[in-house]
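Residue strings, one per chain:
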Amino acid sequence: MNRTALLIPHFNNPQGLAASLASIGAHEQIDAFIVDDGSSRQRIDEAACAKVWRADGELHFIYLPHNQGIEHALNTGLQAIIEAEYEYIARLDCDDLCAPERFAKQIAFLDSHPDLYLLGSAVMFFDASGDRFTINQPQKHNEILRQMHDDNAFTHPSVMFRAAGVKALGLYPTDCKAAEDFAYFWRFVAHYQTANLAEVLTRSEYNDAGISMSRRRQQQAMRIKLLWRYFDYTPRSLVKISKACLSFALPVSFTRKIKRLLGMGKWD
């Protein structure tokens, strides 16, 4: 058994799962836990997964009897990983791709910074048209804390966290649909030191059918809920929650154009 486990939720996307597994380098020392959230149309092909898997580690498959939502799939996987006594837990979503030695670099950084409990990285986003841009998240904890009062300072499929933090803080919340990652990372930021690496270690596909697009209003409502939960009665918090309410009211095409104009994402 390796020190690190990779958690991948799956739902009706075996091709995306295979692509994600194939992107992991042969020298990476990591085990993978794939949790199928009750797929009904396109089930996991374990043989195909094993064929593309090159990492120095084992594949574990967990099947939920019916679809319950990504937060339940994540929590099922987290529970299995915690019970197996891994030291670190990494995340990846189907269709997302890993840069060479992504996990080795994150493990080395966490090993050299024992006070850190959550570590992300820069992420390059792409779509089928060839459009692409890079999100450079804040690197230092004080910068991360400031951004969390505005929006998520971590890109979900890029993170690795200490299992000890999961044991202390619990599993993903189930009362923040479509924003469970933002809610969960707030727990880590509120209790531990965190960081992001400047290097792009994950490439993530985006499309209008993704959870952040198709359930945008629900996600934005949950974001406002979380900003209110961590509201600290400073002018900064007031400005940020007002901005979130405005974003909730505007169409996504408009807010995307504004972000590009303001440079909130480096376009390649």
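Below is a summary of the structure that appears in this document.

Conventions used here
Residues numbered from 1 in each chain as written. Predicted model: local features only at pLDDT ≥ 70, side-chain atom pairs only at ≥ 80, totals over all residues. Heavy atoms only, no water. Phe/Tyr/Trp six-rings, centres within 6.5 Å; stacked < 30°, edge-to-face > 60°. Helix = DSSP H or I, 4+ residues; strand = E, 2+ residues; numbered from the N terminus. Buried < 20%, exposed > 50% of the residue type's maximum accessible area, 1.4 Å probe, protein only. Salt bridge = Lys/Arg side-chain N within 4 Å of Asp/Glu carboxyl O. Axes fitted to C-alpha atoms, helices over the stretch in contact; angles between N-to-C directions. Parallel < 35°, antiparallel > 145°, perpendicular 65-115°, else oblique. Left-handed = near helix turned anticlockwise from the far one by under 90°. Contact = heavy atoms within 4.5 Å. Arc of directions from axis to C-beta. Core = buried A, V, L, I, M, F, W, Y, C linked by side-chain atoms within 4.5 Å. Expected span 1.5 Å × (residues − 1). Pairing = 2+ DSSP bridges. Right-handed = clockwise from strand over helix to strand, strands pointing away.

Any two aromatic rings considered together are summarised by their centre-to-centre distance and by the angle between their planes. Tallied over the full model, the rule gives 9 aromatic pairs. A centroid spacing of 5.7 Å and a plane angle of 70° characterise the contact between F154 and F185, whose relative ring orientation is edge-to-face. Taken together, the residues F154 in the loop between α5 (141-148) and β8 (160-162) and F185 in helix α7 (residues 180-191) connect sequence positions 31 residues apart. Judged by relative accessible area, F154 falls into the buried class, the value being 2%. On the accessibility criterion, F185 (0% relative accessible area) is buried. Ring geometry for Y184 and F188: centres 5.3 Å apart, planes at 85°, overall edge-to-face.

You can see A32 is positioned in strand β2 (residues 31-36). In this structure the C-alpha to C-alpha distance between A32 and H60, which are 28 residues apart in sequence, comes to 6.0 Å.

Moving on to the pattern of salt bridges. Evaluation of the coordinates by the stated rule reveals 6 salt bridges. Among the salt bridges present, the one from R3 reaches E87, with a minimum N-O distance of 2.9 Å. In this pair, R3 is assigned in the segment before β1 (4-10) and E87 in the loop between α3 (70-83) and β4 (88-91), connecting sequence segments 84 residues apart. Among the ionic pairs, K167 bridges to E85, the shortest N-O distance being 3.2 Å. With K167 in helix α6 (residues 163-169) and E85 in the loop between α3 and β4, the pair connects residues that are 82 residues apart, well separated along the chain. A network of salt bridges, in which partner residues are shared, links R3, E87 and D111.

Glancing now at the packing of α5 against α7. Two elements in contact, α5 and α7, have axes separated by 11 Å at closest approach and are oriented at 140°. Accordingly, the angle class assigned to the pair α5 and α7 is oblique. Where α5 crosses over α7, the two elements pack in a sense that is left-handed. Each of H141, I144, L145 and M148 in α5 lies in contact with α7, whose residues at this interface are F182, F185, W186 and V189.

What follows covers unusual backbone geometry. If a residue is not glycine, its phi is most likely negative; likewise, a peptide bond is most likely trans. In this structure, D95 is a non-glycine residue whose phi angle is positive, near 85°. Relative to the helices and strands, D95 is located in the loop between β4 and β5 (97-98). Within the chain, E101 stands out as a residue other than glycine whose phi angle is a positive 60°. In this fold, E101 is placed in the loop between β5 and α4 (102-112).

Structural remark: α-helix, 3.6 residues per turn; residues separated by three or four positions point the same way. Among the residues making up α4, those that are buried are R102, F103, Q106, I107 and L110. Taken around the axis of α4, the buried residues stretch over an arc of 120°, which confines them to a single face.

This part covers the nonpolar core. Side chains that are nonpolar tend, in soluble globular proteins, to be buried together. Membership of the largest hydrophobic core comes to 32 residues, with the highest contact counts inside it found for F161 and F188. Elements with a minimum of two residues in this core: β1, β2, α3, β6 (116-126), α5, α6 and α7. Per-element tally for this core: the top contributor is α7, with 6 residues. Counting residues in hydrophobic clusters, the runner-up holds 27 residues, among them I30, A55, L110 and L201.

As a further point, take α7. Look at α7: 17 Å from first C-alpha to last across 12 residues, which is about the 16 Å you get at 1.5 Å a residue. Counting buried positions along α7 yields 9 of 12 residues, so the element is predominantly enclosed. Every buried residue of α7 is accounted for by E180, D181, F182, A183, Y184, F185, W186, F188 and V189.

What follows is about the pairing of β2. Among the 6 residues in β2, 6 count as buried, and that is most of the element. Side-chain alternation along β2 places D31, F33 and V35 on one buried face and A32, I34 and D36 on a second face that is also buried. Relative to β2, β1 is paired through 6 bridges, and the arrangement is parallel. Paired with L6 across the bridge in β2 is A32. Crossover connection from β1 via helix α1 (residues 14-22) to parallel β2: handedness right-handed. As paired strands, β2 and strand β3 (residues 59-63) are joined by 5 bridges and run parallel to one another. By the bridge assignment for β3, I34 is matched with F61.

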